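# Summary of the model geometry
In case you want the letters, here they are:
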Amino acid sequence: MKTSTILTIILAVLAIVMGILWFNATSAKQKIAAQNDSIKASFENATNTINEIQSSLDSIESFSGMLFSGNETPVNTADRRSQIISGIRNMKMEIAADKKRIAQLENQLANSQHRIKGLEDLIAKLKASVSDKEKILAELSGRLGVMEETLITERQQSAYEIAKRDTTIASKQATIDVQEKDLNTIYYIYGTRKELLEKKIISREGGVLGIGKVSTVQRNAELAKYKAFDLREANGIAFPATKKGYSILTNQNTSSYKVEKTGDSYFLTVTNKDLFRQSKLLVIELL
């Protein structure tokens, strides 16, 4: 074989080898670049997710402080309780959503061909932060329980005070009603002299030898023998008319009433209640 031919073959082989080496180097470079791009994309995506989760956790902590802040708490206990219940419910939902996103992020990194130490550390810190927020949530729930007990106690105390006040008012009103009824009740009786004497409503006193005696109302009146009427409900009474008329034996002020005859009856009408009720008894002798 000629030397030139051999040389040509050698050069061709070298060219092929160099081409293969160059191709392999280019492919490896492209693969490394693709890996770097993938790592960079994964890092950026994970970092953005971590920042969002951390921001959510920070807002939970801020909101939990606001719920029990003296400046932010409503004056009304029921409104305050309602606000806290709503806040706790929202916090639970946010924490659950954040835990789900952390789990998804961990799954993505576990399935990735590359481990990123910094991201693993950040995820561990996020999980610790979530645990802290759950403790805060448990504390808020405990405070809500205390508030619920306080609200129940306040309602019971309020109901007790209202019932006590109503009882006091009812008792006072009953006393007033009794006093009003007693003040406006007039006890009356009418009858002939003989009837009044037999019932021991009156007695005959004074005079000489039976002449000049007058009818006098007994001091210790037995009210069971009398009828009654209430000046708030009736303005007078009727009693029988007789040929000789009648005589009022008790001390009613004569300007406090008037008597008119209607058919076979007289009717005594009270014209001044304040004056008339100064005497609780009304005794009429039919003549």
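Now for a description of the structure that goes with this document. (Residues numbered from 1 in each chain as written. Predicted model: local features only at pLDDT ≥ 70, side-chain atom pairs only at ≥ 80, totals over all residues. Heavy atoms only, no water.)

### Some points on the overall build of the chain
The secondary structure content of the chain amounts to five helices and nine strands. The order of α-helices and β-strands along the chain, N terminus first, is α-α-α-β-α-β-β-β-β-β-β-β-α-β. Counting only residues that meet the buried cut, the chain has 25% of its 287 residues in that class. Within the chain, residue pairs in contact and separated by at least 24 positions form 70% of the contacts whose partners lie at least 6 positions apart. (Helix = DSSP H or I, 4+ residues; strand = E, 2+ residues; numbered from the N terminus. Buried < 20%, exposed > 50% of the residue type's maximum accessible area, 1.4 Å probe, protein only. Contact = heavy atoms within 4.5 Å.)

### What to know about the pattern of salt bridges
Enumeration over the complete set of coordinates arrives at five salt bridges. Where Arg-165 meets Asp-166, a salt bridge forms, and the shortest distance between an N and an O atom there is 3.4 Å. Exposure remark for Arg-165: the relative accessible area of 48% places this residue in the partly exposed category. For Asp-230, the salt bridge identified is with Arg-232, shortest N-O distance 2.8 Å. Take Arg-232: its relative accessible area is 45%, and that puts it in the partly exposed class. (Salt bridge = Lys/Arg side-chain N within 4 Å of Asp/Glu carboxyl O.)

### Remarks on the environment of Leu-105
Its place among the elements puts Leu-105 in helix H2 (residues 77–111). For Leu-105, a relative accessible area of 3% translates into the label buried.

### Digging into the environment of Asn-253
Within the secondary structure, Asn-253 is located in the loop between strand E6 (246–248) and strand E7 (257–262). Residues Asn-253 and Gln-278, 25 residues apart in the sequence, show an inter-C-alpha distance of 8.4 Å. Polar side-chain contacts of Asn-253 include one of 2.5 Å to the side chain of Ser-255. (Polar contact = N/O pair within 3.5 Å; in protein donor to acceptor, adjacent residues only side chain to side chain.)

### Digging into the side chain of Ser-279
Topologically, Ser-279 is positioned in the loop between helix H5 (273–276) and strand E9 (281–286). Assessed through its relative accessible area of 15%, Ser-279 is described here as buried. Excluding anything up to four places from it in sequence, Ser-279 contacts Ile-186, Thr-250, Asn-251 and Gln-252.

### Section: the sheet that holds E6
With mixed pairing, the four strands of this open sheet are ordered in space as E4-E1-E9-E6. For this open sheet the edge positions go to strand E4 (227–230) and E6, each flanked by a neighbour on one side alone. Neighbour-to-neighbour, the strand axes of this sheet turn through a mean angle of 25°, independent of strand direction. In this sheet, E9 lies alongside strand E1 (residues 185–192) in parallel orientation, the contact comprising six bridges. Its bridge partner lying in E9, Thr-192 is registered against Leu-286. (Pairing = 2+ DSSP bridges. Axes fitted to C-alpha atoms, helices over the stretch in contact; angles between N-to-C directions.)

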